[in-house]
Amino acid sequence: MTIRRGPEFARILGLGVARGENVVTNDEIAGPIESSDEWIRQRTGIVTRVRAGADTSVLDLAEAASRDAIAHAGIAADEIDTVILSTISFPHMTPGGAPTLADRLGIGPAAAWDISAACAGYCYAISQADALVRSGQSRNVLVIGAEKMSDFVDPTDRSISFLLGDGAGAVVIGASDHAAIGPTVWGSDGSRADLIRQTNSWLELREDPSLPFPTLRQEGQSVFKWASFQMAPVASAAIEAAGLTPGDIKAFIAHQANVRIIDQMVKQIGLPDSVVVARDIADSGNTSAASIPLATERLYREGLVSSGDLALQIGFGAGLVYAAQVVELP
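Reading guide: rules and limits
- Each chain has its residues counted from 1, running along the sequence as written.
- Side-chain atom pairs in this predicted model are given and counted only at pLDDT of 80 or more, local residue features only at pLDDT of at least 70, and totals for whole chains, interfaces and linings cover all residues.
- Side-chain figures throughout are based on the complete set of non-hydrogen atoms in the structure, without hydrogens or water.
- Here a helix means four or more residues in a row that DSSP labels H or I, a strand means two or more in a row labelled E, and each is numbered from the N terminus.
- C-alpha atoms define the radius of gyration, and 2.2 Å times the number of residues to the power 0.38 defines the globule rule.
- For the exposure calls, accessible area comes from a 1.4 Å probe over protein chains only, and a residue counts as buried if that area is under 20% of its type's maximum, exposed if over 50%, partly exposed in between.
- Residue contacts are defined here by distance: any two heavy atoms, one from each residue, within 4.5 Å place the two residues in contact.
- Each accessible area is a Shrake-Rupley result for a 1.4 Å probe, and residues are judged covered by the shown protein chains and nothing else.
- In this analysis the probe radius is 1.4 Å and the grid spacing 1 Å, with only protein atoms considered; a cavity is a set of points the probe fits into but cannot get out of, a pocket is an open set with protein on both sides within 12 Å along at least five of seven lines, and lining residues have an atom within 4 Å of a point.
- Grid points are joined across faces, edges and corners, and a volume is the space filled by probe spheres set on the points.
- In this count, Pro and Cys sit with the nonpolar residues alongside Ala, Val, Leu, Ile, Met, Phe, Trp and Tyr, while Asp, Glu, Lys and Arg are called charged and the others, Gly among them, polar.
- For two strands to be treated as a pair, DSSP must find no fewer than two bridges joining them.
- One side-chain nitrogen of Lys or Arg within 4 Å of one carboxyl oxygen of Asp or Glu is enough to make a salt bridge.
- Aromatic contacts are taken between Phe, Tyr and Trp rings whose centres are within 6.5 Å, Trp giving its six-membered ring; a plane angle under 30 degrees counts as stacked, one over 60 as edge-to-face, and the others as tilted.
- Whether a charge lies above a ring is judged from NZ of Lys or CZ of Arg, which has to be within 6 Å of the ring centre and within 35 degrees of the ring normal.
- Each axis is a line fitted through C-alpha atoms, and for a helix only the stretch in contact is used; angles between axes span 0 to 180 degrees, taken between their N-to-C directions.
- Each angle is binned into one of four classes, with values under 35 degrees roughly parallel, values over 145 roughly antiparallel, values of 65 to 115 roughly perpendicular, and all other values oblique.
- Should the near helix be turned counterclockwise from the far one by less than a right angle, the crossing is left-handed, whereas a clockwise turn marks it as right-handed.
- Only buried residues count toward a nonpolar core. Its members are Ala, Val, Leu, Ile, Met, Phe, Trp, Tyr and Cys residues joined through side-chain atoms within 4.5 Å.

**Quick look at the overall build of the protein chain**
Summing up its helical and strand segments, the protein chain has ten helices and 14 strands in all. Taken over the C-alpha trace, the protein chain has a radius of gyration of 19 Å; the compact-globule value for 330 residues is 20 Å, and the two agree within 12%. Its C-alpha atoms put the protein chain at 60 × 45 × 40 Å along the principal axes. Classification of the 330 residues of the protein chain by burial places 55% in the buried group. Across the protein chain, every contact between residues at least 6 apart in sequence was considered, and the portion connecting residues at least 24 apart equals 78%. Just so you have it, the protein chain exposes about 13800 Å², and 50% of that area is on carbon and sulfur atoms.

**Topic: the layout of surface pockets**
Approximately 190 Å³ is the volume attributed to the second largest pocket. Lining the second largest pocket are 15 residues; nearest its centre among them are Ala 179, Ala 180, Ile 181, Gly 182 and Val 326. Of all the elements in the fold, those that place two or more residues in the lining of the second largest pocket are strand E1 (9–19), helix H5 (121–135) and strand E14 (321–328). Tallying contributions element by element places E14 first for the lining of the second largest pocket, with three residues. Class assignment of the residues belonging to the lining of the second largest pocket gives a composition of ten nonpolar, one polar and four charged.

**Considering unusual backbone geometry**
Here Thr 94 and Pro 95 are connected by a cis peptide whose omega angle stands at -5 degrees. With respect to the helices, strands and loops of the structure, Pro 95 is situated in the loop between strand E4 (82–86) and helix H4 (97–105). For the peptide bond that leads from Gly 319 to Leu 320, omega is -20 degrees, which places it in the cis range. With respect to the helices, strands and loops of the structure, Leu 320 is situated in the loop between strand E13 (310–317) and E14. Residue Ala 118 is not a glycine yet carries a positive backbone phi of 50 degrees. Within the element layout of this structure, Ala 118 appears in the loop between strand E5 (111–115) and H5. Phi at Ser 288 is positive, roughly 50 degrees, even though this residue is not glycine. Within the secondary structure, Ser 288 sits in the loop between helix H9 (281–284) and helix H10 (291–301).

**Observations regarding the pairing of strand E7 (residues 166–176)**
Counting buried positions along E7 gives ten out of eleven residues, so the element sits mostly inside the fold. Two elements, E1 and E7, share ten bridges in a ladder whose sense is antiparallel. When the bridges of E7 are listed, Phe 9 appears paired with Ser 176. In the sheet, strand E6 (residues 141–148) pairs with E7 via eight bridges, with the strands oriented antiparallel. The residue of E7 that forms the bridge with Lys 148 is Asp 166.

**Examining the pattern of salt bridges**
Applying the stated criterion across every chain, the model contains 16 salt bridges. A salt bridge links Arg 67 to Glu 63, with the nearest nitrogen and oxygen atoms 2.9 Å apart. Of this pair, Arg 67 and Glu 63 are both found in helix H3 (residues 58–73), four residues apart, which corresponds to roughly one turn of the helix. The partner of Asp 157 in a salt bridge is Arg 217, and the shortest N-O contact between them spans 3.5 Å. Here Arg 217 lies in strand E10 (residues 216–218) and Asp 157 lies in the loop between E6 and E7, a separation of 60 residues in the sequence.

**Focus on the packing of aromatic side chains**
Using the criterion set out here, one finds five aromatic pairs in the structure. Taking the centre distance of 5.9 Å and the plane angle of 25 degrees together, the rings of Phe 152 and Phe 213 count as stacked. Of this pair, Phe 152 sits in the loop between E6 and E7 while Phe 213 sits in the loop between helix H6 (202–207) and E10, placing them 61 residues apart in sequence. Taken together through their ring pairs, the aromatic side chains of Phe 152, Trp 202 and Phe 213 make up a single cluster. When the ring centre of Trp 39 is taken as origin, the NZ or CZ atom of Arg 158, which lies over that ring, is 4.7 Å away. For the cation-ring pair, Arg 260 lies above Phe 224, with the distance from its terminal atom to the ring centre recorded as 4.6 Å.

**A few points about the packing of helix H7 (residues 220–241) against helix H8 (residues 259–269)**
Put simply, H7 and H8 touch, their axes get as near as 8 Å, and they point 45 degrees apart. Relative to H8, H7 is oriented oblique. Note that H7 runs across H8; the crossing there is right-handed. Packed against H7, whose contacting residues are Phe 224, Ala 227, Ser 228, Phe 229, Met 231, Ala 232, Ala 235, Ser 236 and Ile 239, the element H8 presents Arg 260, Ile 261, Gln 264, Met 265, Gln 268 and Ile 269 at the interface. Broken down by class, the residue content of the contact of H7 with H8 amounts to ten nonpolar, four polar and one charged.

**Things to note about the nonpolar core**
Among the nonpolar cores identified, the biggest contains 45 residues, and Met 231, Phe 252, Met 265, Ile 269, Leu 312, Ile 314 and Phe 316 are the most heavily contacted of them. Every element with two or more residues in this core is listed here: H7, strand E11 (251–254), H8, E13 and E14. Ranked by the residues each element gives to this core, the list is headed by H7, at ten residues. Other than its neighbours up to four places away in sequence, Met 231 contacts Trp 226, Met 265, Ile 314, Phe 316 and Tyr 322. Residues Val 17, Ile 115, Val 141 and Ala 278 belong to the second largest nonpolar core, which totals 36 residues.

Spelled out as structure tokens, the structure:
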């Protein structure tokens, strides 16, 4: 039996993003949930969120981000042989979104599959892509986190729906001559899966058509405590696994769930004041699998990071699933 061998290292070659085209203010959200702009800002840090129009699909967002990432990587689409799409808002059980996206991009025949790991899905996909390149199974892997969360919003829900936004972020992973993606520290706690959940199943809806269309709910306080205090050790373990210290990190890019969670994690990890902390949630909202690449792009746009900087990224959410790794920015 012949075993493939790939390059020793892999890295992110290019980044691209797409955001929902409509800016939705807190005032527009507050009425149906009997809240206010002040309450939303204090509890979440969100000032606005971006949502896509009715004619824009989650694959439209993914395609736009992917084309930018491929261009930034400086390669042709046909040099990509694997596509991994992380999403929980693609509205079809089958076929998956990734094969359709690959066809749109002119990538083929390519291995293509979807990941349903919610807010941790992007980090899961980075880990898979890194392993695929280093094993020799893939040459260049396109990783996308894309969500149209507004398709699953209940405007009257005070637990999570007012947080949610739409967008996509994509990266190309390829060979590197030096270590540029650290080991992934990941896991799950399915015993607490009810903390972030769908209101009812598709089977329940079929059996009782009077049920409302399934949307998302969360137990806010429980999720806040879990993420604020259980995820910091995971992030610290990712730094240690990469053979680094907090002082080596230039940027901290956590899933954009809540500014208070992010700030609490910074304290728990013990990151120095010199570390740039991504807070894209203030303008984009919680975009689930898309939030880390969107937040990364914003740091570039604001001139806060540069190519070659080391970023600690961590995704966490429904499942409860989580993953963290240190990456070198493209």
